[in-house]
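Here is how the chains run, residue by residue.
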Amino acid sequence: MYIIDDGIKLNAKLDMPDDDSKRCPLCLIFHGFTGHIEEDHIVAVARSMNEIGIATLRLDLYGHGNSDGEFRDHTLYKWLNNILAVVDYAKKLDFVSELFLCGHSQGGLAVTLAAAMERDVIRALIPLSPAYSIIQGAKEGELLGKKFDPEHIPDELISWDGRKLSGNYIRVAQSIDLESAIKKYKGPVLIVHGDADETVPVQFAKDAANKFEICRLVLIEGADHCYENYLEELEDAVADFMIAVK
Ligand code: FER
């Protein structure tokens, strides 16, 4: 199925819980930079929620997976607008009792910003290996392992997979006040992070966990950025939290 945001088709997959209750919570799940809805860790999180009575809606964001838009042109503003459109769509679904937001890495950063904006409707927030480092990197001049002058932004960046990305990605990220978003969202938060993550250092999770009003931080020893060989630990962390708050 597709959800349309301002003419842009967003590829979406709705998975209902294993029990067939009429009304249930719904968690919107978003992937990271270069990711998509069929990644193992995204599917694993959806499955762990479906098993405990929570529906999930997985979304490919602008320029990713099977959604419209060019990778080159994606920015956090475009992703944020996508998320707001999906939240609007979800608010109108009859079966939904409560709404949750979950995102991996850049998607974890994006859902944090969205949760601040939708703080009156989001029951809890689940950032997984959130790439909060992007905001600092954009402001200080280091992204994707490469340095640049933050006052003279390059026209394009080259991603890890060789694809090009517009310099507007940096201009947008520089404009974002992450601290203010973290302060604004007062609901319960679960951050999961692997201590062997080489893409986003675990310190960013520790710092953010101290800044959220109510936050559970689950560190998975040995896990990398995408929880390869640690999907069960990820699923357990998410399920334990969701059972406690739903
Ligand atoms: C970066 C570090 C992490 C970066 C992007 C990410 C664009 C995002 C990772 C992900 O979403 O998996 O320097 O630069």
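Read on for an overview of the structure.

About the thresholds
Residues numbered from 1 in each chain as written. Predicted model: local features only at pLDDT ≥ 70, side-chain atom pairs only at ≥ 80, totals over all residues. Heavy atoms only, no water. Salt bridge = Lys/Arg side-chain N within 4 Å of Asp/Glu carboxyl O. Helix = DSSP H or I, 4+ residues; strand = E, 2+ residues; numbered from the N terminus. Buried < 20%, exposed > 50% of the residue type's maximum accessible area, 1.4 Å probe, protein only. Phe/Tyr/Trp six-rings, centres within 6.5 Å; stacked < 30°, edge-to-face > 60°.

1. Overview of the pattern of salt bridges
Thought 1: The full count for this structure, using the stated rule, is 14 salt bridges.
Thought 2: Close ionic contact of Glu156 with Arg72 constitutes a salt bridge, the shortest N to O distance being 3.3 Å. Taken together, the positions of Glu156 in strand 9 (residues 156-158) and Arg72 in the loop between strand 4 (55-59) and helix 2 (76-91) put the pair 84 residues apart, joining distant regions of the chain.
Thought 3: Residue classification places Glu156 among the partly exposed residues on the basis of a relative accessible area of 32%.
Thought 4: Of the residues examined, Arg72 reaches a relative accessible area of 34% and is grouped as partly exposed.
Thought 5: Lys91 serves as the salt-bridge partner of Asp88, at 3.6 Å between the closest nitrogen and oxygen. Here Asp88 and its partner Lys91 are both found in helix 2, three residues apart, which amounts to about one turn of the helix.

2. Section: the packing of aromatic side chains
Thought 1: Counted according to the given criterion, the structure contains three aromatic pairs.
Thought 2: Ring centres of Phe33 and Trp160 lie 5.7 Å apart, and the angle between their planes is 90°; this geometry places the pair in the edge-to-face category. One end of the pair, Phe33, is in the loop between strand 3 (24-30) and helix 1 (40-50); the other, Trp160, is in the loop between strand 9 and strand 10 (164-166), with 127 residues separating them in the sequence.
Thought 3: Classification of Trp160 by relative accessible area gives exposed; the value is 57%.

None of the figures reported here should be taken as evidence of function without further support.
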